[in-house]
Amino acid sequence: MRKGAKPLFSFLRQSEKRDLAPFLTFLRKERMMSTQGLAWWQQTIAYEVYPKSFLDTRGQGTGTLAGITAKLDHLASLGVGALWLTPCYKSPMVDNGYDVQDYLQIDPSFGTMDDMDELIAQGRERGIRVVMDLVFNHTSDQCAWFVESRASRTNPKADWYIWRDAKSDGSAPTNWRSIFGGSAWEWCEERGQYYLHTFAKQQPDLNWENPQVREALYDISNYWVNKGVGGFRIDAITYIKKPPVFEDGPADGEDGLYPVHAATANQPGILDYLHEFKRAVRDGHDIFMVGEANGVAASELDQWVGANGVFDMLFEFSHMHVPMGAEEIWCRPATWTLTDLKRVLAQSQAATAHNGWYPAFFENHDQPRSTVNFFHDDGPLASKAKVLGAVLLTTRGTPFLYQGEELGYGNASWKRIEDFNDVQTRAQYEFALGEGLSEAAALAACVRFSRDNARTPLQWDDSPHAGFSTAEPWLRVHDDYATCNVAAQEADPDSPLLWYRALAALRAARPELVAGDWQELLADDERILAFERTLEGARCVTLANFSGEEATYDTSLVAGLVPLAASLGEPQAGTLRPLEAVVWGN
Ligand code: NOJ
């Protein structure tokens, strides 16, 4: 064992696991002030909150900002230093806030601007900085800018959105299919023109070519910087620049349409806008920007992140596409094996090894619950969750947890299409029917991949509605809430929650897990995902058996190391039990 190192976290006892919170808060605050060559956001853990489903303090069935403030200690117990809040601006909520009506107001269903100020202030007390979600590819069709723009072809905001004339036969300008299904164009009677919507028809795309639009968006961002937020997650950013010529593409479905992202995503020149954005908002502030960049390949990352890039981190989705397929058409899932997943994770690590920084994630509000999605084998959800947690919290990059991930939820048990709320799920269902699938098969695709799986109310305890609300929740609570909830897991030494806390503490205590190099091990193994982290003589090895069978490996991999954390109790060098994860270190 390395001199001075202690197997502090081996087989943590229940009481030790519970008492980690003050230790983590101390470390988080230290880290925020420390330089150590890394910024605060590189050394912390981020946690995404979907406010509508987090905690309702008003008995209305939807979550509130005050609910998040009330539970900041839960986040602190997980070592969280950055709280990514999905949009809570004023919105008609067609896409649960990703259709913004006013970027400078809080939606009344979530509370007031005072509640937001309180959340920011209370977060800071605990070393947690709020990260806002900027939805700048589009607004709501109720946004004052769009209301003005649609009124005529000559008003001052006439070209703030993407307007085009109909084809000579009156049909839409192109055959592009919106990401949520159906044509990406919507007819506007007042102007006698179509407008483009990459997502729902209530989400018209902004025209970034117009410098006034860009200026307005930068001003909004700076309003939030001045409020003291810690950074931004920037939504759907690869779509902001449109191609110079709009033309039909080859149909890829029975609807005769062509995917809008194939026609418009990641256009040449997009980075010029984003460099301008960075100069106007990011430069000179101790904040971070993480872009949501579906469609950017790992090989292109160096233009997007790092010293010469535009963002600090970029969410790219290559690993999510392994089970789902790159086209994200749920009724056409991919077939895959563990080495496919390992290959893309290794590519992302390689791409950010010397430039930029990696935001590691398995879940977010747009994905089904990863415990179901990412494993081949049946087995206890808790074991699967712990395997994923071990990978996420010991890998290189800033881990982004999504609410409930720490409890190891599976997907929800939806029975009918009417059970779903999500606009995309309805569209995927219709698309599948259009492709000739039976209702049962179309439903099965939605059950597996729907975003609603991640949006069910957070399960706090076993009281009615899982302690989320005293009223009927907006989305049905997961059937397993009576046994899978925060209170129950606090009391269970073997729970995913206490495992995530222990790993967060391990990460905070071992600099190699934050700043160390990352090297893949056992690259060809179809059962074990393995890597090592090294820094100045310190070494940690993570071994995670993703299969439902025992898996063996050469003991030389862990020679001279001791187990620092083991998901199924006392581990044995050379063998992993089914769905077991062990972190070894010197
Ligand atoms: C990506 C967001 O994460 C998703 O929830 C939303 O529906 C689309 N962008 C449109 O804003």
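Everything below is about the structure printed above this text.
Just so it is clear, the model here is predicted, and its values are computed rather than measured. (Residues numbered from 1 in each chain as written. Predicted model: local features only at pLDDT ≥ 70, side-chain atom pairs only at ≥ 80, totals over all residues. Heavy atoms only, no water.)

**Student:** How do you make sense of the packing of helix H15 (residues 381-394) against helix H19 (residues 496-509) when you look at a structure like this?
**Tutor:** Between two packed helices, what matters for the description is the angle formed by their axes and the separation of those axes. Contact pair H15 / H19: the axes reach a minimum separation of 10 Å and the direction vectors enclose 15°. With respect to each other, H15 and H19 are oriented roughly parallel. Judged by the sense of rotation from one axis to the other, the crossing of H15 with H19 is right-handed. Side by side, H15 and H19 meet where Ala382, Ala385, Lys386, Leu388, Gly389, Ala390, Leu392, Leu393 and Thr394 of the first sit next to Pro496, Trp499, Tyr500, Leu503, Ala504 and Arg507 of the second. (Axes fitted to C-alpha atoms, helices over the stretch in contact; angles between N-to-C directions. Helix = DSSP H or I, 4+ residues; strand = E, 2+ residues; numbered from the N terminus. Parallel < 35°, antiparallel > 145°, perpendicular 65-115°, else oblique. Left-handed = near helix turned anticlockwise from the far one by under 90°. Contact = heavy atoms within 4.5 Å.)

**Student:** Is there a simple way to think about the sheet that holds strand S6 (residues 163-164) in this case?
**Tutor:** The strands that make up a sheet are held in pairs by hydrogen bonds between backbone atoms, and each pair lies either parallel or antiparallel. The strand order across the open sheet formed by three strands is S6-S9-S8, and the pairing between neighbours is antiparallel. Looking at the sheet topology across the chains shown, the edges are occupied by S6 and strand S8 (185-188). Bridge count for S8 against strand S9 (residues 193-196) is four bridges, and the pairing is antiparallel. The partner of Trp187 across the bridge, within S9, is Tyr194. (Pairing = 2+ DSSP bridges.)

**Student:** I would appreciate a short explanation of the environment of Gly389 in the present structure.
**Tutor:** Residue position: Gly389 is located in helix H15. Residue Gly389 is classed as buried on the basis of its relative accessible area of 0%. Through-space distance from the C-alpha of Gly389 to that of Tyr500 is 6.2 Å; in sequence the pair is 111 residues apart. Look past the residues within four positions of Gly389 in its chain and what remains in contact with it is Tyr500 and Leu503. (Buried < 20%, exposed > 50% of the residue type's maximum accessible area, 1.4 Å probe, protein only.)

**Student:** In this structure, what is going on with the environment of Pro259? I would like to understand it.
**Tutor:** Within the secondary structure layout, Pro259 lies in strand S11 (residues 258-259). Residue class for Pro259 comes out buried when judged on its relative accessible area of 7%. Spatially, the C-alpha atoms of Pro259 and Ser178 are 6.6 Å apart, while their sequence positions differ by 81 residues. Discounting residues that sit within four places of it in the chain, Pro259 has contacts with Arg177, Asp252 and Glu327.

**Student:** What's the story with the packing of helix H8 (residues 211-226) against helix H10 (residues 270-282) in this structure? I'm lost.
**Tutor:** Interhelical geometry of H8 versus H10 gives an angle of 35° and a closest axis separation of 9 Å. Once H8 is placed against H10, the crossing between them reads as right-handed. Note on element contacts: H10 touches H8 through Tyr273, Glu276, Phe277, Ala280 and Val281, opposite Arg214, Tyr218, Ser221, Asn222 and Val225. Within the contact of H8 with H10, the residues separate by chemical class into six nonpolar, two polar and two charged. (Nonpolar A, V, L, I, M, F, W, Y, C, P; charged D, E, K, R; others polar.)

**Student:** Please clarify how the pairing of strand S20 (residues 562-566) should be interpreted in this entry.
**Tutor:** Along any regular strand the residues' side chains alternate between the sheet's two faces. Of all five residues making up S20, four are buried, and the element is well covered by its neighbours. Note: S20 against strand S22 (residues 581-585), four bridges, orientation antiparallel. Its bridge partner lying in S22, Ala565 is registered against Val583.

**Student:** Just checking my understanding: could you explain the site of the ligand for this structure?
**Tutor:** Around the ligand, the neighbouring residues are Asp95, Tyr98, His138, Phe180, Phe199, Arg233, Asp235, Glu292, His365, Asp366, Arg451 and Arg455. In the environment of the ligand, an oxygen atom lies 3.0 Å from a nitrogen or oxygen atom belonging to the side chain of Arg233. A distance of 2.4 Å separates an oxygen atom of the ligand from a polar atom in the side chain of Asp366. For the shell around the ligand, a count of residues per class yields three nonpolar, two polar and seven charged. (Near = heavy atom within 4 Å. Polar contact = N/O pair within 3.5 Å; in protein donor to acceptor, adjacent residues only side chain to side chain.)

**Student:** Any chance you could explain the state of the cysteines here in plain terms?
**Tutor:** Any covalent bond linking the sulfur atoms of two cysteines counts as a disulfide. Tallied over the full model, the rule gives zero disulfides. The thiol of Cys143 is unpaired, and the distance to the nearest cysteine sulfur, on Cys188, comes to 15 Å. According to the relative accessible area criterion, Cys143 is buried, its value standing at 3%. (Disulfide = S-S within 2.5 Å.)

**Student:** In this structure, what is going on with the sheet that holds strand S10 (residues 231-234)? I would like to understand it.
**Tutor:** Taking strand neighbours across the sheet as the criterion, the eight strands line up as S13-S12-S10-S5-S2-S1-S15-S14 in an open arrangement whose pairing is parallel. Strand pairing shows two members of the sheet lacking a second neighbour, strand S13 (313-315) and strand S14 (359-360), which therefore form its edges. For strand S1 (residues 45-49) and strand S2 (residues 80-85), the ladder comprises five bridges, and the chain directions are parallel. Across the sheet, residue Glu48 finds its bridge partner in S2, namely Trp84. Its contacts with the sheet put H10 on strand S5 (129-134), S10 and strand S12 (288-292), and the angle it makes with S12 is roughly 150°.

**Student:** For this particular structure, what's the right way to read the pairing of S2?
**Tutor:** Of all six residues that make up S2, six are buried, and the element is covered over most of its length. When S2 meets S5, the two strands line up parallel, connected through four bridges. Its bridge partner being in S5, Trp84 is matched across the sheet by Val131.

**Student:** Even after reading the chapter, I still don't get the packing of aromatic side chains, so can you show me in this structure?
**Tutor:** Across all of its chains, the model carries 31 aromatic pairs by this definition. Aromatic side chains Phe146 and Tyr161 sit 4.9 Å apart centroid to centroid with 80° between the ring planes, which places their arrangement in the edge-to-face category. One end of the pair, Phe146, is in helix H7 (residues 144-149); the other, Tyr161, is in the loop between H7 and S6, and 15 residues separate them in sequence. Owing to a relative accessible area of 0%, Phe146 belongs among the buried residues under this scheme. Measuring from centroid to centroid gives 5.4 Å for Phe180 and Phe199, while their planes differ by 65°, and the two rings are edge-to-face. Placement of Phe180 in the loop between strand S7 (176-177) and S8 and of Phe199 in the loop between S9 and H8 is noted, with a sequence separation of 19 residues between them. Like Phe199, Phe180 is buried. (Phe/Tyr/Trp six-rings, centres within 6.5 Å; stacked < 30°, edge-to-face > 60°.)

Nothing here speaks to function; it is all geometry.
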